[in-house]
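# Residue-level structure breakdown
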Amino acid sequence: MRIALFGVLATACVPCALAGGSAHPTQSAGTLAMADNPFAQPSTLAFELPPFDRIHDSDYLPAFEAGMREELREVAAIADDPRPATFENTIVALERAGRLLARVESTFSRLNACNTDAQMQQIDTETAPKLTAHRDAIHLNPRVWARVDSLYRARATLHLDAESLQLLTRYHTEFVRAGAPLAVPDQARLRDLNKQISSLRTRFKQNVLKATAEGAVVVDNIAALDGLSAEQIGAAAQSAGARGLTGKWLITLQNTTNQPVLARLSNRALRERIYAASIGRARGGATDNAAVLAQLVRLRAERAALLGYASHAAYQLEDETAGTPQAVRDLIGQVAPAALARARAEAAEIQKLIDAQARAAGRPSFALQPWDWSFYSEQVRKVHYALDQAAVAPYLELEHVLQDGVFYAAHELYGLTFKERTDLPVYQSDVRVFEVFDADGKPLALFLADYFARDNKQGGAWMASYVTQSKLLHQQAVVANHLNIPKPQAGQPVLLTFEEVTAMFHEFGHALHGLLSDVRYPLLSGTQVPRDFVEYPSQYNEMWAREPAVVAHYARHYQSGEPLPPQLLERVIAAQKFNQGYATTEYLAAAALDQAWHQITPAEAPATEGVPAFEAAALRSSGLDYAPVPPRYHSTYFSHIFESGYSAGYYAYLWSEVLARDTGQWFHRHGGLTRANGDYLRAHILARGRSADPRALFRDFYGRAPEVAPLLEYRGLVSASGG
Ligand SMILES: [Zn+2]
């Protein structure tokens, strides 16, 4: 059985998204109508790789339907078992249930993200509410709950090993959190709240989409676009043309408050217009999200109260590594002063540049505003880190980075080796499959590398798990990394930016978490850990992208084979720390907003007209209301927390990064890139999935509680904080 509360199946993240979940092949065949369906039986390919060459869009819906029917039958058999509940006949039986559904769901959702089409999107819309209802039907089945609860109460007498006890605890926790112990009328209220919350989330999403499209800024005069590249101007003309605005230019908006185009536009009035359009999104009018979110946070607070929690944040955080709202407040409070001090220093430098340019031009100067930041900070960057991307790129060639960087580090640390398999089917011809072998030469997993951008691929970068490792089901991992690297013309080398190299290491950190998993139960496998733990192995693995011993190995000129000159590497790394005051502050401000919206009781939820004042007060009380650095998202377009699965969880990236940077420090204190160090991390973290409490896993590895100093150092925030 696959557990997913409130329909949250995959997590979107910065800089990547990670699709968790599991695929569990089965012995049962489904129904007769399913006879020719590629999901009907477990795949017979190596590592149970999905038979991509045999899957058609028309196979999904019948497989979903049959899979839900099959799982309900299996769960009913567990519920109606006349024998007393045992760990085997209840918990392990639930783990074994739902194989067909897991197979189709994992393959469908992964392909819908990386290789979608209109029909798949329609199937997604159609199946999402059915899957939510399906999971409610299992979690709110009183006879299943009675068995799970009786076992949990008797856990001290069951003589379970540690991992089995953890599994029982997870099942109990998930049922409790889904509302299983509630009285029948309260469960009805819960289902009703879930439904309302779900439809508000959809409305929020649709409003953001519409408001973002409508917020695009029309420019009548090409002179106003000074600073943009010919390519950008061409794209703006094309966008305008697509809306029937021939002879004009259209600046479309990105999700965030700050708009990338502001870094290049020299016309200050146009910058201000774009900024105003960005922060004005979904405020008032037909796409007003203030009303939607005010209702949403009230209903979430009500649901939390119904489930016995002080707030939605308390409910969400209980199941995270952080544990409590106080712990999140503490983390934000620990990082905020250093981030703000750095941001203020960056602002002072920008202001100096603004003043100097005004003096030189004989114009009056002006005070730095949010719409000015990127434009001038880009100029400051050019002065201090004159980094010629064209000079670095020839040293960062994709194949070298993959084989001699990403795979090399995994070999040095964990003894892994990789062999390309061209005999297995893929869903798209650019996708490559590698078989992963352990240090003892035994086959360990499959790794799919899907690195190039495509029109039918979701943006950003993420890891996806097609098959999760589990000894119970005799399964080894099949994991994929998806990036959006522009594909050059045939015959041209694939030269990367250092950010893309870092993203490859980041995503491979998630992949390692999946493929090194060594647990018994599928629910506890690999990356199925709390949100604020899942970005830990990935952000940790980024450190090897900039480790001199690894860089020396992969960063070689694609033609001459010459190594990247050390002074160029130093500049590349120094540039990574540039503008981190701004980046950290805008992130923390958004995280503080998220907490404020979700730490309230139902009575504290504001009315629609109180939304702006609530937001302002939240920024003030967290000390993050610094005008030149607005929150990365304002509430009315903060999709992470109001639409996707990050409510009360936007802090999670930073929490994970604290663990990652502590781990980096641990490696450096213990001699860096060695098998002994790698094996130690593997045994304590990467192999363990959620087979124990993540807090305990980290403490056992690190020897003490997490600390923020290494993170401040990594982000270059130390000097400004004075320590
Ligand atoms: Zn990630």
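Within each chain, residue numbers correspond to sequence positions counted from 1 in written order. For a predicted model such as this one, the threshold for reporting local features is a pLDDT of at least 70, and the threshold for listing and counting side-chain atom pairs is 80 or more; totals across whole chains, interfaces and linings nevertheless cover every residue. Just so you know, side-chain values use all the structure's heavy atoms and leave hydrogens and water out.

### Considerations on the overall build of the protein chain
Each helix is a run of DSSP H or I of at least 4 residues and each strand a run of E of at least 2, with the numbering of both proceeding from the N terminus. In terms of helices and strands, the protein chain carries 27 helices and 8 strands. Its C-alpha radius of gyration of 26 Å places the protein chain within 12% of the 27 Å reference for a compact globule of 723 residues. Looking at the protein chain as a whole, 57% of its 723 residues are labelled buried. In what follows, residue pairs with any heavy atoms lying within 4.5 Å of each other are defined as contacts. Sequence separation of at least 24 residues holds for 77% of the intrachain contacts in the protein chain that already meet a minimum separation of 6. For accessible areas, the Shrake-Rupley method is used with a probe of radius 1.4 Å. Any residue's cover is judged against the shown protein chains and nothing else. Split by element, the accessible area of the protein chain, about 28,400 Å² in all, is 54% carbon and sulfur. For the protein chain, the distance from the average position of its 69 positive side-chain charges to the average position of its 77 negative side-chain charges is 3 Å. With C-alpha atoms as the basis for the radius of gyration, the globule rule is written as 2.2 Å multiplied by the number of residues raised to the power 0.38. Exposure classes here rest on a 1.4 Å probe applied to the protein chains alone. A residue is buried below 20% of its type maximum, exposed above 50%, and partly exposed in between. His is not counted, nor are the chain ends; Lys and Arg add positive charge and Asp and Glu add negative charge. Just so you know, the charge point we use is NZ for Lys, CZ for Arg, CG for Asp and CD for Glu.

### Brief notes about unusual backbone geometry
Generally, phi is negative for residues other than glycine and the peptide bonds are trans, each holding for most cases. Backbone geometry at His159 places phi at a positive 55 degrees, although glycine is not the residue there. With respect to the element layout, His159 can be found in the loop between α5 (142-153) and α6 (162-177). His159 sits in the exposed class, given a relative accessible area of 73%. For His474, which is not glycine, the phi torsion reads 55 degrees and is therefore positive. Tracing the sequence through the fold places His474 in the loop between β7 (461-467) and β8 (477-485).

### A look at the packing of helix α12 (residues 325-361) against helix α23 (residues 652-669)
Helix axes are fitted only over the stretch in contact, all axes being lines through C-alpha atoms; the angle between N-to-C directions runs from 0 to 180 degrees. Where α12 contacts α23, the axes come no closer than 11 Å and their chain directions differ by 70 degrees. Taken together, the axis directions place α12 and α23 in an arrangement best described as roughly perpendicular. Between α12 and α23, the residues in contact are Ala327, Leu331 and Val335 and Leu654, Trp655 and Val658, respectively. Each residue receives one of three labels: charged for Asp, Glu, Lys and Arg, nonpolar for Ala, Val, Leu, Ile, Met, Phe, Trp, Tyr, Cys and Pro, and polar for the others, Gly being one of them. Residues belonging to the contact of α12 with α23 are distributed by class as follows: 6 nonpolar, no polar and no charged. Any angle between 65 and 115 degrees counts as roughly perpendicular, while under 35 counts as roughly parallel, over 145 as roughly antiparallel, and the rest as oblique.

### Some points on the packing of aromatic side chains
In this scheme Phe, Tyr and Trp rings, the latter by its six-membered ring, pair at centre separations within 6.5 Å, and the angle between planes marks the pair as stacked below 30 degrees, edge-to-face above 60, and tilted otherwise. Applying the stated criterion across every chain, the model contains 42 aromatic pairs. Centre to centre, the rings of Phe407 and Phe447 are 6.0 Å apart; their planes meet at 80 degrees, and the pair counts as edge-to-face. In this pair, Phe407 is assigned in helix α15 (residues 398-414) and Phe447 in strand β6 (residues 443-452), connecting sequence segments 40 residues apart. For Phe447, a relative accessible area of 0% corresponds to the buried category. Here Tyr587 and Tyr650 contribute two aromatic rings whose centre-to-centre distance is 5.1 Å and whose plane-to-plane angle is 35 degrees, an arrangement assigned as tilted. With a gap of 63 residues between them, Tyr587 in helix α20 (residues 580-598) and Tyr650 in the loop between α22 (639-642) and α23 connect regions that are remote in the sequence. On the basis of relative accessible area, Tyr650 is assigned to the buried category, the value being 1%. Following the ring pairs from residue to residue traces out a cluster consisting of Phe533, Tyr536, Tyr540, Trp544, Trp666, Phe667, Tyr680, Phe698, Phe701 and Tyr702. The criterion for a charge sitting over a ring is simple: Lys NZ or Arg CZ within 6 Å of the ring centre, and within 35 degrees of the ring normal. The ring of Phe366 has Arg268 sitting right over it, with the charged end atom 3.6 Å from the ring centre. Looking at Arg661, its charged tip hangs above the ring of Tyr714, at a distance of 3.7 Å from the centre.

### Thoughts on helix α2 (residues 87-96)
Here α2 lies mainly inside the structure; 7 of its 10 residues are buried. Residues of α2 that are buried: Phe87, Asn89, Thr90, Ile91, Val92, Leu94 and Glu95. Tucked inside the fold, the buried residues of α2 contact α1 (57-79), α3 (99-114), α5 and α6. Positive phi shows up at Gly98, right after α2, with a value of about 75 degrees.

### Focus: the pattern of salt bridges
As a working rule, side chains carrying opposite charge can pair if their charged atoms are close by. Salt bridges, as used here, are contacts in which a Lys or Arg side-chain nitrogen is within 4 Å of a carboxyl oxygen on Asp or Glu. Tallied over the full model, the rule gives 39 salt bridges. A salt bridge links Asp372 to Arg271, with the shortest nitrogen-to-oxygen separation between them at 2.8 Å. Highlighted residues: Asp372 in the loop between α12 and α13 (373-384) and Arg271 in helix α9 (residues 268-279), separated in sequence by 101 residues. One exposure class covers both Asp372 and Arg271, and it is buried. When the shortest N-O distance is used, the salt bridge between Arg661 and Glu542 registers 3.2 Å. Of this pair, Arg661 sits in helix α23 while Glu542 sits in the loop between α17 (531-541) and α18 (548-554), and the two are 119 residues apart along the sequence. Assessed through its relative accessible area of 4%, Arg661 is described here as buried. One salt-bridge network, held together by shared partners, links Arg170, Glu174, Arg177, Glu318, Asp319 and Arg690.

### Looking at the environment of Tyr653
Looking at the element boundaries, Tyr653 is found in helix α23. According to the relative accessible area criterion, Tyr653 is buried, its value standing at 5%.

### Side note on the nonpolar core
Residues enter a nonpolar core if they are buried and are Ala, Val, Leu, Ile, Met, Phe, Trp, Tyr or Cys, with the set joined through side-chain atoms within 4.5 Å. Formed by 139 residues in total, the largest nonpolar core has its most connected members in Leu515 and Tyr554. With 13 residues, the single largest contributor to this core is α12. Among all residues touching Leu515, those that are not within four sequence positions of it are Leu416, Val436, Leu444, Ala445, Ala477 and Val479. Ranked by size, the runner-up nonpolar core spans 34 residues in total, among them Met68, Tyr427, Leu446 and Val467.

### Things to note about the confidence of the model for the protein chain
Per-residue confidence from the predictor is reported as pLDDT, a score between 0 and 100. For the protein chain, the mean per-residue pLDDT works out to 92, and 95% of the residues sit at or above 70. Counting interchain partners and residues more than four positions distant, the pLDDT-below-50 stretch residues 2-32 has 114 contacts.

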